[in-house]
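Spelled out, the chains give:
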Amino acid sequence: MLVIEGIHAFYGRIEALKGVSLEVKQGEIVTLIGANGAGKSTLLMTICGQPRGQGGRIVLEGIDITNMSTHQIMRRGIAQSPEGRRVFPRMTVYENLQMGAINVDPGHFEGDLKRCFELFPILERRRGQRAGTLSGGEQQMLAIARAMMARPRLLLLDEPSLGLAPLIVRQIFSVIKELNQQGVTVLLVEQNAFHALKLAHRAYVLVNGQITMTGTGRQLLADPEVRRAYLEGGH
Amino acid sequence: MTGLLAGLDGNRLLRHVLGAVLITFLMTSLIVGLELVATQTGLSLRPRYHIVLYCVVVVALGSTAVFALAERSWRLPMLVGVVIAALLLVPLLTGNLASDLAFLLPFPVAPLNWLALLLPAFILIRAAQLAYASARPPAAAARRREMTRTGKLVSLGLGLLLILVAFAFPISPWGSRQLVDILTIVLIYIMLGWGLNIVVGLAGLLDLGYVAFYAVGAYSYALLSEYFGWSFWVCLPLAGLFAASFGIVLGFPVLRLRGDYLAIVTLGFGEIIRVVLINWYEFTGGPDGIGGIPRPSFFGLPFQANPPRDGGETFASFFGLSFDPYHRIAFLYYLILVLALFTNWFTIRIRKLPIGRAWEALREDEIACRALGLNPTNVKLAAFGIGAMFAGFAGSFFAARQGFISPESFVFIESAVILAIVVLGGLGSQLGIVFSAAILIGLPEFFRELEDYRMLAFGLVMVLIMIWKPTGLVSHRDPTIRLHPRGDGR
């Protein structure tokens with residue numbers, strides 16, 4: 001579904017991605033783990049065209065999107081829940097969800113809204129409330145729901161567990177799994193390696209802008225090097 | 001007495017009041033207390049110590065009240081407010097400046113004395129707020145958030161009422177020529193405020209050069225009528241179109257800028273337009289301006305005393321009325337009222353459409369907007385263009401009303417005033433803009449007879465608004481973060 005071949009990305013003169021290749025197949029959950037500054041978020045942003053990928057190709061469903069502008073890419077069945085949630089704080093939950101559906105045929109709106117509220121019942125109770133007044137977990141749910149309103153076939157999630165209580169993290173991961181079972185392909189960037197790897201069909205490890213390891217989620221979870229670097233570090 | 005001073009530190013209160021009194025005395029004793037009078041023998045000083053005494057007493061009372069209010073005590077300020085109000089009201093209501101009690105009034109003109117009532121009013125309102133807050137259990141404060149629905153209904157009802165009053169006003173017995181004229185000016189600014197609100201309030205793009213588009217609209221009509229003899233009704237949409245294209249032209253280079261940088265560039269653009277208007281003498285008439293701009297007609301019927309030379313009828317003769325210049329003034333008033341209401345209607349409508357939502361979202365978070373597949377360039381250009389269009393409409397109306405325009409009408413301070421209207425009204429609030437335009441434009445016009453004092457009143461009102469309503473008169477969308485929780489009364 002999404003194929004990335006030897007992509008480089010730069011912030012000014014700093015090379016954040018050094019020839020990354022990665023593939024996400026239809027119906028998969030693919031996880032990308034790595035330390036701070038490894039380039040995980042940059043990779044997601046590069047898929048969206050900002051910064052623009054250089055030196056390689058990004059192909060989405062057979063179409064080369066490397067040189068498309070962000071808003072064109074985001075209308076091709078791809079949606080992102082960005083790092084730090086980035087909900088619109090002074091707009092209500094309902095308005096945020098409307099914004100998610102801004103490029104979708106309005107005929108789908110009611111149905112999609114119902115689906116979102118089924119996934120995240122708390123959002124229905126908060127629909128008239130300003131997004132800025134939601135708790136962190138609720139905001140994350142809203143960010144995912146907003147992305148889902150765009151009816152993506154590929155969902156990009158950037159650290160959905162950031163700063164959330166373990167119970168909420170579990171809840172969010174179970175929703176991701178559910179979405180995947182409904183047919184949405186997911187590319188998940190995470191620091192919370194344990195949960196993310198358990199969930200993933202396949203996973204990549206990104207170190208200093210390069211993929212150093214790949215395998216099924218279970219393989220990486222069992223790998224001693226991954227365990228040492230990402231799972232047992234703080235303990 | 002102890003009840004009055006409950007919760008107050010007597011010593012600190014005394015020190016506070018004595019300090020204020022001392023400063024007042026030192027400041028007023030020489031400047032106010034001695035009057036220089038010219039007599040036949042030369043200049044001499046005449047003491048006016050009763051005024052100094054007056055100042056000292058007022059400051060003592062006022063500072064007592066302010067101190068108590070700051071300590072969240074309300075009984076003493078209530079008493080002080082009532083006393084001051086009574087001292088002012090009694091002479092004001094009985095015979096005014098002529099009465100024996102006139103020495104109680106601080107100013108030599110009646111309107112200023114009425115304005116002085118703001119001081120006790122401020123104290124009383126604040127005291128009442130504190131009293132209310134202390135009598136009410138804190139749980140009640142939390143309920144405020146859910147009142148937004150009622151709040152919306154109230155503001156809708158108030159809006160409709162205002163529209164009705166606005167339409168009825170010129171034909172009502174209160175509709176004097178001077179008042180309708182002032183209201184016409186206020187309405188121009190309301191329309192400009194509503195137009196700028198699209199750019200600043202909704203899209204969140206700080207535009208300090210908005211008056212440039214106003215100028216473009218005004219000159220469009222003036223020049224088109226001068227060179228081609230086109231009528232107001234043809235030029236009105238064209239003026240909007242020209243202003244919108246200028247908005248888009250300005251938009252293109254500045255779209256990558258944000259916040260302060262954008263403000264500076266728009267400021268520069270406003271000046272460029274003005275400087276071009278001044279210097280392109282052959283085309284725009286330069287600093288001389290353009291005069292003799294034709295007035296708008298009522299469906300082809302002009303407002304004038306005598307029928308046009310080439311035959312035809314005037315407004316008055318067509319409707320069988322005797323000629324009255326008030327007709328034209330009222331017509332201009334209705335014209336700008338309709339234009340302004342159209343602006344408002346358009347804004348309310350577009351807010352609910354995807355483009356309006358996109359403006360608000362863009363104001364909140366540009367990166368998130370990109371992630372949703374919005375093209376920020378187009379969204380911003382639309383905001384600039386549409387905002388400028390309404391300034392263009394207002395500009396051509398302005399030219400038609402004045403009959404004469406020059407670059408002097410389009411200086412930076414105009415932009416600042418329009419921006420102040422939008423900000424004071426509460427960014428994004430339509431009704432708030434009406435109130436703040438009425439205050440910022442209407443008050444100085446209304447109190448024009450006070451001459452320089454009116455700037456004093458103007459400043460006072462501005463300060464009071466900022467104290468009471470730091471987020472604008474009608475803040476529709478609350479700030480996300482508050483330093484103090486709501487209902488805390490701080």
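Since the structure is predicted, the reported quantities are computational estimates derived from the model, not experimental observations. (Residues numbered from 1 in each chain as written. Chains lettered and ligands numbered in written order. Predicted model: local features only at pLDDT ≥ 70, side-chain atom pairs only at ≥ 80, totals over all residues. Heavy atoms only, no water.)

Participant: Please clarify how the overall build of chain B should be interpreted in this entry.
Facilitator: Scanning chain B for helices and strands turns up 20 helices and two strands. Burial status across chain B gives 46% buried among its 490 residues. Residue pairs at least 24 apart in sequence account for 71% of intrachain contacts in chain B once pairs closer than 6 positions are excluded. Carbon and sulfur atoms form 69% of the exposed surface of chain B, whose accessible area is close to 25400 Å². (Helix = DSSP H or I, 4+ residues; strand = E, 2+ residues; numbered from the N terminus. Buried < 20%, exposed > 50% of the residue type's maximum accessible area, 1.4 Å probe, protein only. Contact = heavy atoms within 4.5 Å. Areas by Shrake-Rupley, 256 points an atom, 1.4 Å probe, with all protein chains shown as cover.)

Participant: Could you clarify how one ought to interpret the interface of chain B and chain A in this entry?
Facilitator: Reports often express the size of an interface as the amount of accessible area lost when the parts come together. With 21 residues of chain B at the contact, the number on the chain A side is 20 residues. Buried surface at the junction of chain B and chain A, both sides included, amounts to about 2300 Å², of which 57% is carbon and sulfur. Our count for the chain B to chain A interface comes out at three salt bridges. A salt bridge links Arg86 of chain A to Asp365 of chain B; the nearest nitrogen and oxygen atoms lie 2.9 Å apart. Contributions of two or more residues to the side of chain B that touches chain A are made by α15 (354-364) and α16 (366-371) of chain B. With seven residues, the top contributor of residues to the side of chain B that touches chain A is α15 of chain B. (Buried area = accessible area lost by both parts, 1.4 Å probe. Salt bridge = Lys/Arg side-chain N within 4 Å of Asp/Glu carboxyl O.)

Participant: Just checking my understanding: could you explain the domain arrangement of chain B for this structure?
Facilitator: The domain architecture assigned to chain B consists of domain 1 (2-135) and domain 2 (174-468). Centre-to-centre, using C-alpha coordinates, domain 1 of chain B lies 41 Å away from domain 2 of chain B. (Domains from an automatic or database assignment.)

Participant: I'm lost on the pairing of strand β10 (residues 210-216) of chain A in this one. Help?
Facilitator: Residue and element names in this part refer to chain A. In terms of strand pairing, strand β9 (residues 202-207) meets β10 through six bridges, oriented antiparallel. Residue pairing in the sheet places Leu206 in a bridge with Ile211 of β10. The turn linking β9 back onto β10 is made up of two residues, and Asn208 within it adopts a positive phi angle of 50°. (Pairing = 2+ DSSP bridges.)

Participant: Whenever I open this one, the packing of helix α3 (residues 93-100) of chain A against α15 of chain B confuses me. Can you help?
Facilitator: For any two helices packed against each other, the geometry is given by the interaxial angle and the distance between the axes. The interhelical angle for the contact between α3 of chain A and α15 of chain B, taken along N-to-C directions, is 110°, at an axis separation of 10 Å. One finds that α3 of chain A runs roughly perpendicular with respect to α15 of chain B. Contacts between α3 of chain A and α15 of chain B involve Glu95, Gln98 and Met99 of chain A on the former and, on the latter, Arg357, Ala358 and Ala361 of chain B. Class assignment for the residues of the contact of α3 of chain A with α15 of chain B results in three nonpolar, one polar and two charged. (Axes fitted to C-alpha atoms, helices over the stretch in contact; angles between N-to-C directions. Parallel < 35°, antiparallel > 145°, perpendicular 65-115°, else oblique. Nonpolar A, V, L, I, M, F, W, Y, C, P; charged D, E, K, R; others polar.)

Participant: For this particular structure, what's the right way to read the sheet that holds β9 of chain A?
Facilitator: By way of backbone hydrogen bonds, the strands of a sheet pair with one another, either parallel or antiparallel. All names here are of chain A. The mixed open sheet is built from six strands, whose spatial order is β6-β7-β8-β3-β9-β10. Of all the strands in the sheet, just β6 (78-81) and β10 have a single pairing partner and so form its edges. The mean angle between the axes of side-by-side strands here comes to 15°, regardless of whether they run parallel or antiparallel. Against the sheet, helix α7 (residues 166-181) touches β3 (29-34), β7 (154-158) and β8 (185-190), its axis set at about 155° to β8. With respect to the sheet, helix α10 (residues 224-231) is in contact with β3, β9 and β10, its orientation differing from that of β9 by roughly 65°.

Participant: In this structure, what is going on with the pattern of salt bridges? I would like to understand it.
Facilitator: It is possible for side chains bearing opposite charge to pair when their charged atoms get close. Applying the stated criterion across every chain yields a total of 17 salt bridges over all chains. Across the pair Arg57 of chain A and Glu5 of chain A runs a salt bridge whose closest N-O atoms are separated by 3.5 Å. Pair noted here: Arg57 of chain A is in strand β4 (residues 57-60) and Glu5 of chain A is in strand β1 (residues 2-11), with a separation of 52 residues, a long-range link. Residue classification places Arg57 of chain A among the partly exposed residues on the basis of a relative accessible area of 41%. Of the charged contacts in the structure, one is a salt bridge between Glu364 of chain B and Arg90 of chain A, with a shortest N-O distance of 3.1 Å. On the criterion of chain membership, the pair formed by Glu364 of chain B in helix α15 and Arg90 of chain A in the loop between β6 and α3 is interchain, its members lying in two chains. Judged by relative accessible area, which is 16%, Glu364 of chain B ranks as buried. Ionic contacts of the salt-bridge type, sharing partners, join the residues Arg90 of chain A together with Arg351, Glu360, Arg363 and Glu364 of chain B into one network.

Participant: Just to check I follow, could you spell out the confidence of the model for chain B for this structure?
Facilitator: As a note on interpretation, predicted positions should not be read in detail where pLDDT is low. All names here are of chain B. Averaged over all residues, the pLDDT of chain B is 82; the fraction at 70 or higher stands at 86%. Low confidence marks residues 477-490, where pLDDT is under 50. Its contacts with residues over four positions away, or in another chain, come to 24 contacts. Both scores are available for the predicted complex, with the pTM at 0.74 and the ipTM at 0.85. (pLDDT = per-residue confidence, 0-100.)

Participant: Sorry if this is basic, but what is going on with the packing of aromatic side chains here?
Facilitator: Centre-to-centre distance and the angle between the planes together describe a pair of aromatic rings. Residue and element names in this part refer to chain B. Inspection of every chain in the model, using the stated rule, returns 25 aromatic pairs over all chains. Consider the rings of Tyr214 and Phe398, whose centres lie 5.3 Å apart with planes at 45°: the pair is tilted. With Tyr214 in helix α9 (residues 211-227) and Phe398 in helix α17 (residues 376-402), the pair connects residues that are 184 residues apart, well separated along the chain. Like Tyr214, the residue Phe398 is buried in the burial classification. Aromatic ring contacts, followed pair by pair, group Phe298, Phe303, Phe315, Phe319 and Phe331 into a single cluster. (Phe/Tyr/Trp six-rings, centres within 6.5 Å; stacked < 30°, edge-to-face > 60°.)

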